[in-house]
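Descriptive structure summary
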Amino acid sequence: MNRTLDYLTRALEKTKSCVVVMKYTRDEPVTRTKLDYISENVQQLGMNLASLRGGFRLPKDYIHPDDRDGFIDAVSMAASTKTNFTYRVRLVGDDGVIRNVDVSSEYIDYDGDYYLIEYVFQEIVLQDGATTETARAGGDNLGGLITKDVFREDGLGELFGFFANAYGLYSTVVDQDGHALLPPVGPEAYLGHYYDMFERPENKELLEGIKRSAMMQDTAVYMEIPDGNPESRVSAVPLMVSGVYLATWMLYSHDKSQTPSLRIASREQYRFGELVSRCIQRAVLSGRKTAREREIEQQLEFEVHQKHVLAELQDLIRKEDAESIQTIIRRSAEVLEADYAFLMYKNKRFGGREELRGSWSISGGLPSGWNQGSFTEEQRKLLPGDAYVVDQRSMTNQIRVTLFQGIARAAMLMPVSVDGEVIGRVVFLETRKERVWTDSEIHFAKLIGRMLGETIEYSDGLGARRSTGRELLDIFHQLTIHVFIKDNETGKVLFSNEALNRRLGAEFKGQDSRRLIPEGKELYDSYPGTVLETEEPAPGIRNWRRYINELGGIYDVTEIPIEWLDGRQATTVLLRVAQD
């Protein structure tokens with residue numbers, strides 16, 4: 001093999017990937033296709049290389065029937081739009097194993113009559129760490145909990161060995177697929193025989209027969225083993241929890257001296273298996289409780305962390321910080337451990353067109369197709385106006401391809417509202433693994449949506465206030481009377497107009513306004529003609545007259561409450577020389 005190709009093949013094998021290139025005829029259904037290239041390591045996904053290269057099968061034929069039509073629809077969409085996509089399917093291999101596989105496609109123009117689509121098949125690891133599952137009907141949660149670790153609890157697994165040694169027999173415990181859960185024990189002569197006992201295809205049927213027989217009777221199954229040794233016998237009992245078949249315990253004899261012992265042991269084996277099953281049940285249920293307790297603890301830790309982050313972000317709403325929205329999105333994505341987060345915002349100044357107003361991702365950029373942060377009109381019709389949550393429980397390939405360019409494993413879209421009107425959505429995407437959003441995470445995402453709405457509302461309102469406020473300040477500078485604005489809480493001068501600056505100097509801004517007018521007009525009621533109110537003033541406005549030392553004269557003073565440019569409460573003070 002070419003050395004470069006050899007390196008490539010090994011790299012593909014390490015990533016559990018293989019490459020397939022299909023050739024399609026333009027203006028023809030995508031079912032009109034033929035294989036153009038396939039990497040030699042497809043056997044690791046259970047596909048037959050010779051059969052594929054010979055044209056007897058196509059890669060799509062290995063896709064699970066329930067996933068095949070959706071995959072073909074995705075290929076049709078990609079072909080018509082000349083776009084790429086990622087699609088998750090189950091491959092059913094010739095070895096009888098179902099593999100969860102991500103198929104990433106890339107559209108390639110070829111010539112006038114044909115085009116190519118390159119597919120990378122990559123086996124993926126599910127959330128529980130499993131990559132494959134044996135093709136079998138049914139299944140249950142309890143069965144998945146029986147692992148080798150269960151038998152290590154308090155030496156539980158050793159009980160089987162003690163029982164077998166007492167009778168001089170061989171013993172092994174296998175799961176539903178015939179894989180050993182405990183190392184076989186017994187005399188040295190035949191011990192190595194059991195390590196691959198049910199791995200052989202011809203023995204799969206034997207295991208299934210033992211399981212079926214064990215389920216139908218309340219005694220141990222006693223039968224011959226077709227292994228070529230006429231003296232071989234097996235006695236088997238089921239290990240069950242809450243009526244669920246979990247594993248099979250087997251005792252073996254391989255010579256005439258052992259067979260009588262096996263007959264005797266078989267009479268006690270069923271009862272002993274029941275007792276051990278109860279121990280397994282307690283261990284499993286205890287483990288379940290512990291796992292639940294850990295889940296609750298993790299949830300509480302998350303909620304406490306969430307509250308700290310929300311308190312931290314709340315401070316950003318009223319800050320004059322152009323990065324507030326970006327910071328809120330980044331921090332919320334980190335809390336949710338999402339791969340991508342961004343705000344899709346309707347800009348009213350541009351006819352309500354959707355655009356990005358802040359984004360964050362693990363890679364530093366948004367996926368292809370999301371750079372504009374907008375949904376098509378067709379996509380928007382599929383989205384509800386309220387919150388939209390999709391994850392392992394509800395995500396389908398159709399949703400993934402139609403709404404999320406084939407990349408999302410889970411997503412949350414939360415409405416962002418201003419004055420009761422939805423003006424955008426904050427989007428959280430998970431692309432690397434399957435997940436289920438918890439109630440706490442969904443609640444947190446909703447709060448982030450509200451927080452972004454408040455931030456935008458304040459920011460937009462602040463912008464309007466600043467625009468109007470600056471126009472007003474320009475007018476104050478044109479007046480010949482003295483004008484200044486003070487902070488209500490500190491008394492600090494926030495603004496003074498040109499006329500006042502010429503009298504007191506520009507440095508008056510920032511000083512304590514009480515230098516010019518001490519607080520409280522009641523201190524000056526003794527001045528002749530102190531109060532000058534010819535008509536009822538507007539609510540909150542005060543008019544009076546007083547002598548101002550700094551300016552060396554009697555002035556009519558008007559105080560008008562206002563909101564300063566940054567939203568804090570302030571007062572505009574107008575000073576006019578008294579005319580009478």
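Fair warning: this is a prediction, and the values are worked out from it, not measured in the lab. (Residues numbered from 1 in each chain as written. Predicted model: local features only at pLDDT ≥ 70, side-chain atom pairs only at ≥ 80, totals over all residues. Heavy atoms only, no water.)

1. Things to note about the overall build of the chain
Formally: Numbered from the N terminus, helices here are DSSP runs of H or I no shorter than four residues, and strands are runs of E no shorter than two. With a 1.4 Å probe rolled over the protein chains alone, any residue whose accessible area is under 20% of its type maximum counts as buried; one over 50% counts as exposed, and the rest are partly exposed. By definition in these notes, contact holds between two residues if any of their heavy atoms fall within 4.5 Å.
Per the secondary structure count, the chain includes 13 helices and 20 strands. Across the 580 residues that make up the chain, the buried fraction comes to 45%. Put simply, 53% of the contacts in the chain that link residues at least 6 apart link residues at least 24 apart.

2. Topic: the environment of G168
Within the secondary structure layout, G168 lies in the loop between helix 6 (158-167) and strand 7 (170-174). Since its relative accessible area comes to 32%, G168 is described here as partly exposed. Along the backbone, G168 and G186 are 18 residues apart, and their C-alpha atoms lie at a distance of 6.8 Å. For G168, the residues in contact, after removing those within four places along its chain, are P187 and Q258.

3. Structural notes on helix 3 (residues 65-81)
We apply this condition: To estimate how far a helix should extend, the number of its residues minus one is multiplied by 1.5 Å. Note that the arc is computed from the directions linking the helix axis to the C-beta atoms.
Relative to the 24 Å expected for 17 residues at 1.5 Å per residue, helix 3 spans 25 Å between its end C-alpha atoms, a close match to the ideal helical length. Along helix 3, the residues classified as buried are D67, F71, I72, A74, V75, A78 and A79. Mapping the buried residues of helix 3 onto a view down its axis gives an arc of 165°, with all of them on the same face. Exposed residues lying more than 90 degrees from the buried face of helix 3 are D66, D69, D73 and S80. Where helix 3 is buried, its residues meet strand 1 (17-25), strand 3 (85-92), strand 4 (97-109), strand 5 (114-123) and helix 11 (397-404). In the stretch just after helix 3, K82 is the one whose phi turns positive, near 55°.

4. Quick look at helix 9 (residues 324-336)
When the terminal C-alpha atoms of helix 9 are compared, their 18 Å separation across 13 residues agrees well with the 18 Å that a helix rising 1.5 Å per residue should span. Among the 13 residues in helix 9, 10 count as buried, and that is most of the element. Looking at helix 9, one finds that the buried residues are S324, I325, T327, I328, I329, R331, S332, A333, V335 and L336. Of the residues trailing helix 9, E337 is marked for its positive phi of about 55°.

5. Here we look at the confidence of the model for the chain
As a reminder of what qualifies: As a per-residue quantity, pLDDT reports the predictor's confidence and falls between 0 and 100.
With 71% of its residues at a pLDDT of 70 or more, the chain has an overall mean of 76. The secondary structure element of the chain with the lowest average pLDDT is strand 6 (residues 132-134), at 46, and the one with the highest is strand 16 (residues 482-487), at 92.

6. Remarks on the sheet that holds strand 19 (residues 553-563)
The condition that has to hold: Should DSSP find at least two bridges between two strands, the strands are taken to pair. Inter-axis angles, ranging from 0 to 180 degrees, are taken between N-to-C directions of lines fitted to C-alpha atoms, where helices are fitted over the stretch in contact.
Taken together, 5 strands build an open sheet; the order of strands is 17-16-20-19-18 and the sheet is antiparallel. Taken across any chain shown, the strands that pair with only one partner, and hence form the sheet edges, are strand 17 (493-496) and strand 18 (542-548). On average, each strand axis in the sheet is tilted by 25° relative to the strand beside it, whichever way the strands run. Bridge count for strand 16 against strand 17 is 3 bridges, and the pairing is antiparallel. What sits directly across from K486, in strand 17, is V493.

7. Digging into a nonpolar patch on the surface
For clarity, the threshold we go by: Grouping into patches uses exposed residues only, defined as over 30% relative accessible area, and leaves out salt-bridged ones; the cut-off is 9 Å for like charges and 5 Å for nonpolar side chains (Val, Leu, Ile, Met, Phe, Trp, Tyr). Surface accessibility follows the Shrake-Rupley procedure with a 1.4 Å probe radius. Residue values consider only the protein chains on display as shielding. Salt bridges are defined by distance alone: a side-chain nitrogen of Lys or Arg within 4 Å of a carboxyl oxygen of Asp or Glu.
Residues L472, I475 and L479 make up a contiguous nonpolar surface patch of about 240 Å² in total accessible area. Inspection of the secondary structure puts L479 in the loop between helix 12 (439-478) and strand 16.

8. Overview of the pattern of salt bridges
Note that side chains of opposite charge can pair when their charged atoms are close. As enumerated under the stated definition, the model contains 19 salt bridges in all. One salt bridge connects R88 with D102, and the closest N-O pair in it is separated by 2.9 Å. Of this pair, R88 sits in strand 3 while D102 sits in strand 4, and the two are 14 residues apart along the sequence. One exposure class covers both R88 and D102, and it is buried. When salt bridges that share partners are traced, they join R88, D102, R409 and E434 into one network.

9. Quick notes on the pairing of strand 16
Counting buried positions along strand 16 gives 6 out of 6 residues, so the element sits mostly inside the fold. Across the two faces of strand 16 the burial is the same, with H482, F484 and K486 and V483, I485 and D487 all buried. Adjacent in sequence and paired antiparallel, strand 16 and strand 17 are bridged by 5 residues, among which G491 carries a positive phi angle near 80°.

10. Looking at the packing of aromatic side chains
Our working definition: In this scheme Phe, Tyr and Trp rings, the latter by its six-membered ring, pair at centre separations within 6.5 Å, and the angle between planes marks the pair as stacked below 30 degrees, edge-to-face above 60, and tilted otherwise. We call a charge positioned above a ring when the Lys NZ or Arg CZ atom is no farther than 6 Å from the ring centre and deviates by at most 35 degrees from the ring normal.
In this structure the tally under the stated criterion is 10 aromatic pairs. Judged by centre distance (5.9 Å) and plane angle (45°), the rings of F71 and Y119 are tilted. Note that F71 is positioned in helix 3 and Y119 in strand 5, a separation of 48 residues in sequence. Residues F71 and Y119 agree in their burial class; the two are buried. In this structure an aromatic cluster arises from ring pairing among F160, F163, Y167, W249 and F272. Sitting above the plane of the Y114 ring, K23 keeps its charged end 4.5 Å from the centroid. In this structure, R57 packs its charged tip against the face of Y62, placed 3.9 Å from the ring centre.

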